[in-house]
Amino acid sequence: MCDAKILSQKGTSVVSRCSECQCLFIWHHNLILSFTPDQFIQFKNFAIDLDFGDHSFPFPDGQERVVMRTPVNDIQLTFTVDEWEDFHVAMDEAIYMQEIYALVDGGK
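**Let's talk about the sheet that holds strand β1 (residues 4–10)**
Moving on, step 1. Spatially, 4 strands are ordered β1-β2-β3-β4 in an open sheet, and the strand pairing comes out antiparallel. Since the sheet does not close on itself, it has two edges, and those belong to β1 and β4 (31–35), each with one partner. Pairs of neighbouring strands in the sheet enclose a mean axial angle of 20 degrees, with direction left out of account.
Moving on, step 2. Inspection of the sheet shows strand β2 (residues 13–18) paired to strand β3 (residues 24–28) by 5 bridges, in the antiparallel sense. From the neighbouring strand, Ser16 faces β3, where its bridge partner is Phe25.
Moving on, step 3. Sheet contacts for helix α1 (residues 37–48): β2, β3 and β4; angle to β4, the most-contacted strand, approximately 120 degrees.
Moving on, step 4. Seen against the sheet, helix α2 (residues 81–104) touches β1, β2 and β3 and runs at an angle of roughly 135 degrees to β1.

**Re the environment of Met97**
Moving on, step 1. Examined against the element boundaries, Met97 turns out to sit in helix α2.
Moving on, step 2. Owing to a relative accessible area of 24%, Met97 belongs among the partly exposed residues under this scheme.
Moving on, step 3. When the C-alpha positions of Met97 and Ile6 are compared, they lie 9.5 Å apart, and in sequence the two are 91 residues distant.

What counts, and at which threshold
- Residues numbered from 1 in each chain as written.
- Predicted model: local features only at pLDDT ≥ 70, side-chain atom pairs only at ≥ 80, totals over all residues.
- Heavy atoms only, no water.
- Pairing = 2+ DSSP bridges.
- Helix = DSSP H or I, 4+ residues; strand = E, 2+ residues; numbered from the N terminus.
- Axes fitted to C-alpha atoms, helices over the stretch in contact; angles between N-to-C directions.
- Contact = heavy atoms within 4.5 Å.
- Buried < 20%, exposed > 50% of the residue type's maximum accessible area, 1.4 Å probe, protein only.

The following block contains the structure:
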């Protein structure tokens, strides 16, 4: 596992980046998603297009959750409305922090 620095944290969503390999990680509950910088942007854009109201339904615990499909049909991510909002804010902040680090590091 990389020695990753936190770029953003909002609620249960944390986004970090390895300064060596430049991989980005989304930590959410018991999941770690890893991306190249380009894959992270693609994933963020995919998530933006997923409307909570159109893809959510009540779970057995009574909470409404959005279901995000992955390329592997048997793996899906779920978020409550608050988690979904935090997830988006964390990714937005991580993009912003990457831009700041790039300026400080001279475009690395």
